[in-house]
Amino acid sequence: MRPEDILLRTPAGICCRIGGFHIDPTATVEKAVITHAHGDHARAGHGAVLATQETLDLMRLRYGESFAGSTQAIRYGETVALGRARVTLHPAGHVLGSAQVAVAANGLRVVASGDYKNVADPTCAAFELVRCDAFITEATFGLPVFRHGNPEAEIAKLLRSVDLFPERAHLVGAYALGKAQRVIAMLRAAGYDQTIYVHGALEKITRYYQSRGIGLGRVELARNANKAELAGAITLCPPSTSRRFPEPVTCFASGWMRVRARARQHLVELPLVISDHADWDGLTATIAATGASEVWVTHGQEEALVHWSATQGLQARALDIVGYGDEDEADGLSENPGEA
Ligand SMILES: [Zn+2]
Ligand SMILES: [Zn+2]
């Protein structure tokens, strides 16, 4: 048996024929295992969905009750038999509920990691390294220029700006699922105890995080606050909502903020390099540590990572999966950047 007898790429995405399921399929399928609730990985309309409870809940929040024919929640570390394969979910450290999918059969193990980061995040379980024969990785930031640095230093930068400009509203553009809550939790960890405001688009998910016991402190809706309250306060929002804010300082939290031209192009005054994806060092260190002899790259900057893997004596290839996006970018800077 070879890894491709366990998982292989099909038009609908990664498929486990012997288990009768797809992982994060880009088309509707009979049975799907979903790594996490970001829209490009978690689509509505599958027959059966297996995922963590949090991923199922977040899909329900996004798509409504009937997002799948049936659902099955499994815990991290729990193993279920699907056809002739054994499936175990392990934390991916990406967002709440995110999981790597380990698929084993005949003594071989292939791990599909979805999106992941090997960096501490107070809002989700830490990435767990799983030894395997083949490792399927993303490559969103798969270029040596991408080194995310210390996210705490970025939060400190934001807090310094709030101190410096107490009369200005600080608007932090951040992806609605994961990034926004992580920024809030990191602000709390840094000792910031003022009310933090969120745009309505972030409310449901933020309340859900709180209901799962993620400590975010006092979070209120920006639309219920007056201008005086918003001045000098921090508001998390999608980046197209600055009009009614008093002299906003526009910030954006994304791994792409490492690229100065991109921050400038989108008129971001205070770029915050905070990413929920592994950077180059994270990707390469993780690949090496899995012990995998084969590396398959799903999406992002595949070429450099495939090349690096080959220099390490690993068999590597790009899967070229069409349909996986980059949430850092998709929901972030693309709409009405002029207003951000
Ligand atoms: Zn994601
Ligand atoms: Zn993704």
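Remember, it's a predicted structure, so these values are computed and weren't measured experimentally. (Residues numbered from 1 in each chain as written. Chains lettered and ligands numbered in written order. Predicted model: local features only at pLDDT ≥ 70, side-chain atom pairs only at ≥ 80, totals over all residues. Heavy atoms only, no water.)

**Regarding the pairing of strand β12 (residues 170–173)**
Next up, step 1: Burial of the side chains of β12 extends over both faces: His170 and Val172 are buried on one face and Leu171 and Gly173 on the other.
Next up, step 2: The pairing of β12 with strand β15 (residues 234–237) spans 4 bridges and is parallel. Within β15, the residue paired with leucine 171 across the bridge is threonine 235.
Next up, step 3: Here β12 pairs with strand β16 (residues 249–253) via 4 bridges, running parallel. Opposite histidine 170, over in β16, you have valine 249 as the bridge partner. (Buried < 20%, exposed > 50% of the residue type's maximum accessible area, 1.4 Å probe, protein only. Helix = DSSP H or I, 4+ residues; strand = E, 2+ residues; numbered from the N terminus. Pairing = 2+ DSSP bridges.)

**Re the coordination of the zinc ion (ligand 2)**
Next up, step 1: Taken together, His41 (NE2) and Asp115 (OD) make up the protein donors of the zinc ion (ligand 2), found 2.2 Å from the metal.
Next up, step 2: Taken as an interatomic distance, the gap from the zinc ion (ligand 2) to the zinc ion (ligand 1) is 3.5 Å; aspartate 115 donates to each of them. Taken together, the residues span a long stretch of sequence, with histidine 41 in the loop between β4 (31–33) and β5 (46–51) and aspartate 115 in the loop between β10 (108–112) and β11 (134–139) at a distance of 74 residues.
Next up, step 3: Taking relative accessible area as the criterion, histidine 41 reaches 1% and is therefore assigned buried.
Next up, step 4: Since its relative accessible area comes to 0%, aspartate 115 is described here as buried. (Donors = N, O, S within 2.8 Å, 3.2 Å for Na, K, Ca; no water.)

**Describing the confidence of the model for the chain**
Next up, step 1: With 94% of its residues at a pLDDT of 70 or more, the chain shows a mean pLDDT of 93.
Next up, step 2: Between residues 330–340, whose pLDDT stays under 50, and residues either more than four places distant or in other chains, the model counts 24 contacts. (pLDDT = per-residue confidence, 0-100. Contact = heavy atoms within 4.5 Å.)

**Re the environment of aspartate 281**
Next up, step 1: Here aspartate 281 shows up in helix α8 (residues 280–290).
Next up, step 2: You can call aspartate 281 partly exposed: its relative accessible area is 34%.
Next up, step 3: Considered as a pair, aspartate 281 and isoleucine 34 are 247 residues apart in the sequence and their alpha carbons are 26 Å apart.

**Points about the packing of α8 against helix α9 (residues 302–311)**
Next up, step 1: Contact geometry of α8 with α9 gives a least axis separation of 11 Å together with a crossing angle of 40°. Considering the angle they form, α8 stands oblique to α9. Handedness of the crossing formed by α8 with α9: right-handed. Of α9, the residues touching α8 (which contributes Trp280, Leu283, Thr284 and Ile287) are Ala304, Leu305, Trp308 and Ser309.
Next up, step 2: When grouped by side-chain class, the residues that make up the contact of α8 with α9 number 6 nonpolar, 2 polar and no charged. (Axes fitted to C-alpha atoms, helices over the stretch in contact; angles between N-to-C directions. Parallel < 35°, antiparallel > 145°, perpendicular 65-115°, else oblique. Left-handed = near helix turned anticlockwise from the far one by under 90°. Nonpolar A, V, L, I, M, F, W, Y, C, P; charged D, E, K, R; others polar.)

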